[in-house]
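The chain contents come next:
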Amino acid sequence: MCGRYVMSKATGDLLAHFEAKEVEGSPPPPSWNVAPTQDVPIIAERLDEDAVERRLLIARWGLVPSWAKEVKIGSKLINARSESILDKPAFRKAAVKRRALIPAEGYYEWQKTPDGKKIPHYLHSEKNELLAFAGLYEFWPDPSLPVDDPRRWLLSCTVLTTTAHDSLGHVHDRAPVIIPPAMFHAWLNPATTDKTAVQEILDAIPEPVLTPRVVTDRVNSVRNNGPELLEPAT
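Just so we're clear, the structure is a prediction, and the values are computed from it rather than from any experiment. (Residues numbered from 1 in each chain as written. Predicted model: local features only at pLDDT ≥ 70, side-chain atom pairs only at ≥ 80, totals over all residues. Heavy atoms only, no water.)

Draft legend 1. Main features of the overall build of the protein. The secondary structure content of the protein amounts to five helices and 13 strands. Taking 2.2 N^0.38 as the reference for a compact globule, 234 residues should give roughly 17 Å; the C-alpha atoms of the protein span a radius of gyration of 17 Å, in line with that estimate. On the principal axes, the C-alpha backbone points of the protein span a range of 55 × 40 × 35 Å. In the protein, buried positions account for 49% of the 234 residues. A sequence separation of at least 24 residues applies to 68% of the contacts in the protein between residues at least 6 apart. (Helix = DSSP H or I, 4+ residues; strand = E, 2+ residues; numbered from the N terminus. Rg over C-alpha atoms; globule rule 2.2 N^0.38 Å. Buried < 20%, exposed > 50% of the residue type's maximum accessible area, 1.4 Å probe, protein only. Contact = heavy atoms within 4.5 Å.)

In structure tokens, the structure reads:
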């Protein structure tokens, strides 16, 4: 799974890297310990007068389906298994209509040891400063607010995961799906609404090359937040 990650880049850097044209929402501050239910930047595309526009949006991490009765369901839907997003009720509509990239510099995972301990690792790319998690997003209408209230619609997102292989498999059996730059538009393309086409894109995503590094257990607490969390454990 992916339950904590790093996103400390400036909004301008994200716009440039992902070639996005505009920002919607108030970007959160830099974070070296992004946690579920917090606001995070996501990248999405939309069709506007026959032209595709790429935007940076701000979403709550933890997907809240449009049919949900309460927002708290989002805390259970921070991840979505990529193998089943086209079939699961919580994700299948978003999988064909609302796909996103979720920028990250790396993420944390906890390796379980035979004696029951959990060792935190930071996983990142040695070649790329920014990664793009495959994500989905949804809009949820808050029934407690009037129809004309601009706060009525909650934008939320989830990170797709897949089976971890090679050097990552020993840390955890699941890992976020990472989209390479050459596939950004293929994944985001709002014109792709066919389940078979979406599945073909998922099948074509290559396995990423990431480096795990053991870090201290300071990352275990969401109250700890700073670049020192990335330092190797001694």
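Draft legend 2. Broad picture of the sheet that holds strand E8 (residues 106-112). A sheet is described by the order of its strands in space; here five strands give the open sequence E3-E1-E8-E9-E13, paired in antiparallel fashion. Both outer strands of the open sheet, strand E3 (31-34) and strand E13 (211-214), are each paired with one neighbouring strand and no more. If you compare each strand with its neighbour and ignore which way they point, the axes differ by 30 degrees on average. Here strand E1 (residues 4-7) runs beside E3; their pairing, made up of two bridges, is antiparallel. Looking across to E3, one finds that Tyr-5 is bridged to Val-34. (Pairing = 2+ DSSP bridges. Axes fitted to C-alpha atoms, helices over the stretch in contact; angles between N-to-C directions.)

Draft legend 3. A look at the nonpolar core. Tyr-5 and Trp-187 are the most contacted members of the largest nonpolar core, which totals 57 residues. Residue contributions to this core peak at six residues, all from strand E10 (residues 131-141). Discounting residues that sit within four places of it in the chain, Tyr-5 has contacts with Trp-32, Asn-33, Val-34, Val-40, Trp-61, Ile-102, Pro-103, Ala-104, Gly-106, Tyr-107, Tyr-108 and Phe-133. Core analysis: the next-biggest nonpolar cluster, separate from the first, contains eight residues, Tyr-108, Trp-110, Val-215 and Leu-229 among them. (Core = buried A, V, L, I, M, F, W, Y, C linked by side-chain atoms within 4.5 Å.)

Draft legend 4. Inspection of the pattern of salt bridges at higher detail. Tallying each qualifying case throughout the model produces 11 salt bridges. When the shortest N-O distance is used, the salt bridge between Arg-55 and Glu-24 registers 3.1 Å. Highlighted residues: Arg-55 in strand E5 (residues 51-61) and Glu-24 in strand E2 (residues 22-24), separated in sequence by 31 residues. For Arg-55, a relative accessible area of 8% puts it in the buried group. Two residues, Arg-54 and Glu-45, come together in a salt bridge whose shortest N-O distance is 2.6 Å. The exposure classification of Arg-54 matches that of Glu-45, with both residues buried. (Salt bridge = Lys/Arg side-chain N within 4 Å of Asp/Glu carboxyl O.)

Draft legend 5. Looking closely at helix H5 (residues 195-204). Of all the residues in H5, the buried ones are Val-198, Ile-201 and Leu-202. Taken around the axis of H5, the buried residues stretch over an arc of 100 degrees, which confines them to a single face. Exposed residues on H5 whose side chains face more than 90 degrees from its buried face are Glu-200 and Asp-203. On its buried side, H5 packs onto helix H2 (92-97), strand E7 (99-104), strand E11 (153-163) and helix H4 (184-188). Between the side-chain oxygen at the start of H5 and the backbone nitrogen of Thr-196 there is a gap of 3.0 Å, and the oxygen is on Asp-194. (Arc of directions from axis to C-beta. Polar contact = N/O pair within 3.5 Å; in protein donor to acceptor, adjacent residues only side chain to side chain.)

Draft legend 6. Spotlight on unusual backbone geometry. Backbone geometry places Glu-19, a non-glycine residue, at a positive phi of 55 degrees. As for its placement among the helices and strands, Glu-19 is situated in the loop between helix H1 (11-18) and E2. Note on Glu-19: relative accessible area 58%, which makes it exposed. Backbone geometry at Thr-37 places phi at a positive 80 degrees, although glycine is not the residue there. The residue Thr-37 is located in the loop between E3 and strand E4 (39-48) in this model. Taking relative accessible area as the criterion, Thr-37 reaches 36% and is therefore assigned partly exposed.

Draft legend 7. Main features of the side chain of Arg-152. Along the chain, Arg-152 turns up in the loop between E10 and E11. One buried charged residue, Arg-152, remains without a salt bridge, the closest side chain of opposite sign being Asp-142 at 6.4 Å. Ignoring sequence-local partners within four residues, the contact set of Arg-152 consists of Trp-140, Pro-141, Asp-142, Pro-143, Leu-145, Pro-146 and Val-147. (Lys, Arg positive; Asp, Glu negative; His and termini not counted.)

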